[in-house]
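The residues making up each chain are set out below.
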Amino acid sequence: MKSVKFCVLFFSALLFVSSSGNASDKLDIAVPVFDPGIPKDYDEWEKQGIFPEVRRAEANFLALQLAAALTDAGHWGAVRVMPTRQDVLSDIVIYARIQESTGGSFKASILAMDSTGKKLLSKKYKQEVHPRFYSDRSQNGVDPYHKVISNIVTDLYAKTRKMKASAVRKIKNTTMLRYGSAIAPEAFEGTLKVRNGKKQSWKIKYMPAENDPMLQRINMLRVRDDMFIDAMQTTYQNFSNTVAEDYLSWRQESSVEYYAMKKAKKKARGRIFGGILAAAAGIVVAAETKGTYGDAAAIGLIGAGAVSVASGVKKNKEANQYKAMMAEHARSFDNALEPQVVEFEQETATLTGTIEEQFVQFRALLARVYESETAMS
């Protein structure tokens, strides 16, 4: 069990985040885990060649890949992968949904918004990966979906590189006020004008004074929050390191296995259909003919039909084996997070469950810490 402590002396050594925003003038980015794009209809899984375990694993892996590419670009501030798509707050949030991923073809839809609710990027991306890519030594270390990731980074930079300093500051201040409203809604009531509906937006009505005690508490909580999220990045990185090789192997083999499965099912359907027709023909012959030769012909047709149907069923079983192989391979992607104890000055809590569940528990703890500190002041 891990233990995470947040001490007053440690925080006093940190650079204070003022009401004008973060110390950095660059916009921070949150990348929630990708929507895996798994249909609710089970029949669609087979039609689209979707293996849920694989999709959920790559939804985490690809979010980390995108975050790493954004960080390497150096155009933005902190870039963090978030375990949930609900109530994510950052200067910029990038939502992604996997539409197709077969190893040979990748499609995803991207929506990037700033904290004021302005849409920065809304676009669909796709990439075809030739089977020879995986055996090309010159591509060693290059992710098969690198073009999509690179294009997202390029497009987002094109939307943000000409932002004026005043626009950046407005976004960062809005982020801070929205964070305060989430942790202490009563204290920050009236600071933002919120428009709900299809296009939700946030507009600053007034900024609290820089020395406002509630603002200082919220800023300190944000530092603690960021520290916890930064610690989560290590968990994601460990996950990525663990599955990277297996995931690449899956993508390399999945296109072959996926098309083999489709071929097997097509052949199975043909054999079953042909077998049924043969059996039906045998029944007709038996009904319309008399005598030894007619009976023999009928029996032969019916027998051939039965063998064909049985062969088709066998092919279906072989096709299902491909699915079982992929499901078994994907189970190695599962990431279990051990419980951890989080200690504040007056609060101690044990976080348990998945990384998403622990994140939600931590946010609830921050709200309790704010209330406790406010009551003591």
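Not measured: the values here are computed from a predicted model. (Residues numbered from 1 in each chain as written. Predicted model: local features only at pLDDT ≥ 70, side-chain atom pairs only at ≥ 80, totals over all residues. Heavy atoms only, no water.)

Time to look at the layout of surface pockets. Of the voids in this model, the second largest pocket is the one considered here, and its volume is about 460 Å³. Taken together, 19 residues line the second largest pocket, and the ones lying closest to its centre are Y95, M113, G117, Q200 and W202. Within the residue set of the lining of the second largest pocket, elements represented by two or more residues are β4 (92–101), β5 (105–114) and β6 (119–128). With three residues, the top contributor of residues to the lining of the second largest pocket is β5. Of the residues belonging to the lining of the second largest pocket, the class tally is seven nonpolar, six polar and six charged. (1 Å grid on protein atoms, 1.4 Å probe; cavity = no way out; pocket = protein on both sides within 12 Å on 5 of 7 lines; lining within 4 Å. Points joined across faces, edges and corners; volume = space filled by probe spheres on them. Helix = DSSP H or I, 4+ residues; strand = E, 2+ residues; numbered from the N terminus. Nonpolar A, V, L, I, M, F, W, Y, C, P; charged D, E, K, R; others polar.)

This part takes up the pattern of salt bridges. If you walk through the whole model with that rule in mind, you get nine salt bridges. A salt bridge links R97 to D35, with the nearest nitrogen and oxygen atoms 3.5 Å apart. One end of the pair, R97, is in strand β4; the other, D35, is in the loop between β2 (29–32) and α2 (42–48), with 62 residues separating them in the sequence. Classification of R97 as partly exposed rests on a relative accessible area of 35%. A residue is classified by how much of its surface remains accessible, and D35, at 24% relative accessible area, is partly exposed. Among the salt bridges present, the one from K123 reaches D155, with a minimum N-O distance of 3.1 Å. Here the residue K123 occupies a position in strand β6, and D155 occupies one in helix α4 (residues 146–160), the gap between them amounting to 32 residues. (Salt bridge = Lys/Arg side-chain N within 4 Å of Asp/Glu carboxyl O. Buried < 20%, exposed > 50% of the residue type's maximum accessible area, 1.4 Å probe, protein only.)

On to the side chain of T116. As for its position among the elements, T116 is in the loop between β5 and β6. According to the relative accessible area criterion, T116 is buried, its value standing at 14%. Polar side-chain contacts of T116 include one of 2.5 Å to the side chain of D114. Only 3.5 Å separates the side chain of T116 from the backbone nitrogen of K118, close enough to count as a polar contact. Setting aside residues no more than four positions away along its own chain, T116 makes contact with I171, T174, Q200, S201 and W202. (Polar contact = N/O pair within 3.5 Å; in protein donor to acceptor, adjacent residues only side chain to side chain. Contact = heavy atoms within 4.5 Å.)

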